[in-house]
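Structure at a glance
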Amino acid sequence: MNLEISVPEVVEIFKEIQEQPEKLFEMIRFDIRETVGQYLTAMMNTELSHFLGRETYERSHGEPNHRNGSYGRNFTLKGIGNVNIHGSSPI
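Summarised in this report is the structure supplied together with it. By convention here, each chain's residues receive numbers from 1 onward along its written sequence. Given that the model is predicted, a residue must reach a pLDDT of at least 70 before its local features are reported, and side-chain atom pairs must reach 80 or more before they are shown or counted; all residues, however, enter totals for whole chains, interfaces and linings. The side-chain figures draw on all heavy atoms in the structure; neither hydrogens nor water molecules are used.

1. Describing the packing of aromatic side chains
- Only the six-membered ring of Trp is used, alongside the rings of Phe and Tyr, when aromatic pairs are assigned; centres must lie within 6.5 Å, and planes under 30 degrees apart are stacked while those over 60 apart are edge-to-face, with the rest tilted. Under the counting rule described, the total for this entry stands at zero aromatic pairs.
- For a Lys NZ or an Arg CZ to count as sitting over a ring, it must be within 6 Å of the ring centre and within 35 degrees of the ring normal. Taking NZ or CZ as reference, arginine 73 lies 4.2 Å from the ring centre of tyrosine 71, over its face.

Written out as structure tokens, the structure is:
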């Protein structure tokens, strides 16, 4: 991946940050919420796979446990804010 940015663009970005620093912090908070949500989703999917002994869409004959799917949920975590946990679909 190659990112090219000119000096005037950098100067403009720094001016915007100086004028409205809350925008930068809001972007950082949003990124943290998204990352935490993805991490928790992956962790819960891994835990379910381990518990059932198979991956998503994998069939096991004679097993009573099923992966019937799930839906997304929203949680509010102290210091982070609203976090979206996605259903059991692969990321």
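Structure shown, so let's carry the discussion forward.
2. Overview of the pattern of salt bridges
- Whenever a carboxyl oxygen of Asp or Glu lies within 4 Å of a side-chain nitrogen of Lys or Arg, that contact is scored as a salt bridge. Taken as a whole and assessed by the stated rule, the structure comprises two salt bridges.
- Taking the shortest distance from any N to any O, the salt bridge between arginine 29 and glutamate 26 comes out at 3.5 Å. Here glutamate 26 and arginine 29 lie together in helix H2 (residues 21-52), a separation of three residues that amounts to about one turn.
- Exposure is judged per residue with a 1.4 Å probe applied to protein chains only, and the accessible area is read against the type maximum: over 50% gives exposed, under 20% gives buried, and values in between give partly exposed. Looking at arginine 29, the relative accessible area reads 39%, which means it is partly exposed.
- For arginine 33, the salt bridge goes to glutamate 26, with nearest N and O atoms at 3.2 Å.
- Given a relative accessible area of 19%, arginine 33 falls into the buried group.
- Overall, the relative accessible area of 36% leaves glutamate 26 in the partly exposed class.
- What emerges from the salt-bridge pattern is a single network uniting Glu26, Arg29 and Arg33. Secondary structure elements are defined from DSSP: runs of H or I of at least 4 residues count as helices, runs of E of at least 2 residues count as strands, and each element is numbered from the N terminus.

3. Regarding the pairing of strand E2 (residues 81-85)
- Here, a strand pair is defined by DSSP locating no fewer than two bridges between the strands. Taken together, the five bridges between strand E1 (residues 73-77) and E2 define a ladder with antiparallel strand orientation. The partner of asparagine 74 across the bridge, within E2, is asparagine 84.
- Linking E1 back to E2 in an antiparallel pair, the connection comprises three residues, with glycine 79 at a positive phi of about 85 degrees.

4. Details of H2
- With 32 residues, H2 ought to run about 46 Å at 1.5 Å a step, and its terminal C-alpha atoms sit 47 Å apart, in line with that.
- Of the positions making up H2, those classed as buried are Arg33, Gly37, Leu40, Thr41, Asn45, Ser49 and Leu52.
- Should any heavy atoms of two residues lie within 4.5 Å, those residues are considered in contact. Where H2 is buried, its residues contact E1 and E2.
- Glycine 53 occupies a position one or two residues after H2 and carries a positive phi of about 80 degrees. Working rule for helices: expected span equals 1.5 Å times residues minus one.

5. Re the side chain of arginine 33
- When you line up the elements, arginine 33 lands in helix H2.
- Leave out the neighbours within four places in its chain, and arginine 33 touches Glu26, Ile80, Gly81, Asn82 and Val83.

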